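Spelled out, the chains give:
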Amino acid sequence: METLSYEIIINAPKEKVWDVLWNENTYSEWTKFFNPNSSSFMKSDWKVNGKTYFTNAEGAGMVSTIDSLEKPDQIVFKHLGMRDEAGNEDTESMEVKQWSGCFEKYFLIDFDGKTKLHAEVQTEKDWEEHMNTGFTKGLQIVKELAEK
């Protein structure tokens, strides 16, 4: 497992950047590069240790939880397993246990009237190029949407 980091400076307040990141109307815009063949969705109860799902249009994807939340400054997701299209969750298989517990973190920092958005993700080496593409292109969309 390795940790990848991404940063972008956005000419908008933290609250607006936060809204672009997590609003259901804009989330699928900036995350489209992670899954070009399907829309991406996030459904969360917004509770620490609650349930958060990152899914495609069919409902398949990742089962996660919020490990830490300080709106609009930071959020840390902990990925726990996978969910299939029927809604069945797998948090116990050997395949899932190889990466279960990895983190995805977002920090929004005041930066001279702008916002520095810092994202980190723990991933396996095989997914590095996929993550680099998704985050590099996706955070550029966050910037464009927040600066409108």
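Residues numbered from 1 in each chain as written. Predicted model: local features only at pLDDT ≥ 70, side-chain atom pairs only at ≥ 80, totals over all residues. Heavy atoms only, no water.

**With respect to the pattern of salt bridges**
Definition in use: Salt bridges are identified by distance alone: a Lys or Arg side-chain nitrogen within 4 Å of an Asp or Glu carboxyl oxygen. Only protein chains enter the accessibility calculation, which uses a 1.4 Å probe. A residue is then buried if its area is under 20% of the maximum for its type, exposed if over 50%, and partly exposed in between.
This model, assessed by the stated rule, comprises seven salt bridges. Between E29 and K32 there is a salt bridge, with the nearest N and O atoms lying 3.8 Å from each other. On the basis of relative accessibility, which here comes to 36%, the residue E29 falls in the partly exposed class. Judged by its relative accessible area of 35%, K32 is partly exposed. Between K125 and E128 there is a salt bridge; the shortest N-O distance is 2.8 Å.

**Looking at the layout of surface pockets**
Using the following cut-off: Space inside and on the surface of the protein is sampled on a 1 Å grid over the protein atoms alone, with a cavity defined as a set of points where a 1.4 Å probe fits but cannot get out and a pocket as an open set with protein on both sides within 12 Å along at least 5 of 7 lines; lining residues have an atom within 4 Å of a point. Grid points are joined across faces, edges and corners, and a volume is the space filled by probe spheres set on the points. Amino acids outside the nonpolar list (Ala, Val, Leu, Ile, Met, Phe, Trp, Tyr, Cys, Pro) and the charged list (Asp, Glu, Lys, Arg) are all regarded as polar, and Gly is one of them. The helix count covers DSSP runs of H or I at least four residues long, the strand count covers runs of E at least two residues long, and both are numbered beginning at the N terminus.
Space inside the largest pocket adds up to approximately 860 Å³. Lining the largest pocket are 33 residues; nearest its centre among them are M62, M82, W127, H130 and M131. For the lining of the largest pocket, the class distribution of residues is 18 nonpolar, 11 polar and four charged. Here the second largest pocket is characterised by a volume of approximately 170 Å³. Of all elements in the fold, only α2 (24-30) and β2 (40-44) reach the threshold of two or more residues within the lining of the second largest pocket. Tallying contributions element by element places β2 first for the lining of the second largest pocket, with five residues. Classifying every residue of the lining of the second largest pocket gives five nonpolar, four polar and two charged.

**Here we look at the packing of helix α1 (residues 14-22) against helix α4 (residues 128-146)**
What counts is decided by this rule: Lines fitted to C-alpha atoms define the axes, with helix axes restricted to the stretch in contact, and inter-axis angles between N-to-C directions lie between 0 and 180 degrees. By definition in this entry, angles of less than 35 degrees are roughly parallel, angles greater than 145 are roughly antiparallel, angles of 65 to 115 are roughly perpendicular, and the rest are oblique. Should the near helix be turned anticlockwise from the far one by less than a right angle, the crossing is termed left-handed; should it be turned clockwise, right-handed. We call two residues in contact whenever any of their non-hydrogen atoms come within 4.5 Å of each other.
In contact at an axis separation of 9 Å, α1 and α4 are set at 125° when each is read in the N-to-C sense. The angle between α1 and α4 falls in the class oblique. Crossing angle aside, the handedness with which α1 passes α4 is right-handed. Contacts between α1 and α4 involve K16, V17, V20 and L21 from the first element and V142, L145 and A146 from the second. Of the residues contributing to the contact of α1 with α4, the split by class is six nonpolar, no polar and one charged.

**Section: the environment of F54**
You can see F54 is positioned in strand β3 (residues 52-56). Accessibility expressed as a relative area gives 10% for F54, which makes it buried. A sequence separation of 14 residues divides F54 from S40, and the C-alpha atoms of the two residues are 7.1 Å apart. Among residues more than four places away in sequence, those in contact with F54 are Y27, F41, M42, A60, G61, M62, S64, F77 and H79.

**Re the confidence of the model for the protein**
This is how it is decided: As a per-residue quantity, pLDDT reports the predictor's confidence and falls between 0 and 100.
When pLDDT is averaged across the protein, the result is 94; 100% of the residues are at 70 or more. The secondary-structure element of the protein with the lowest mean pLDDT is helix α3 (residues 94-97), recorded at 90, while α1 shows the highest, at 97.

**What about the packing of aromatic side chains?**
As a reminder, the rule being used: Two aromatic rings, drawn from Phe, Tyr or Trp (for Trp, its six-membered ring), form a pair once their centres lie within 6.5 Å of each other, and the interplanar angle then sorts them: stacked below 30 degrees, edge-to-face above 60, tilted otherwise. Criterion for a charge above a ring: Arg CZ or Lys NZ at most 6 Å from the ring centre, at most 35 degrees from the ring normal.
Evaluation of the coordinates by the stated rule reveals 14 aromatic pairs. Judged by centre distance (6.2 Å) and plane angle (25°), the rings of W22 and Y27 are stacked. Like Y27, W22 is buried. Among the aromatic residues, ring-to-ring pairing joins Y6, W18, W22, Y27, W30, F34, W46, F54, F77, Y106 and F135 into one connected group. Positioned above the aromatic ring of Y53, the side-chain terminus of R83 is 4.5 Å from the ring centre.

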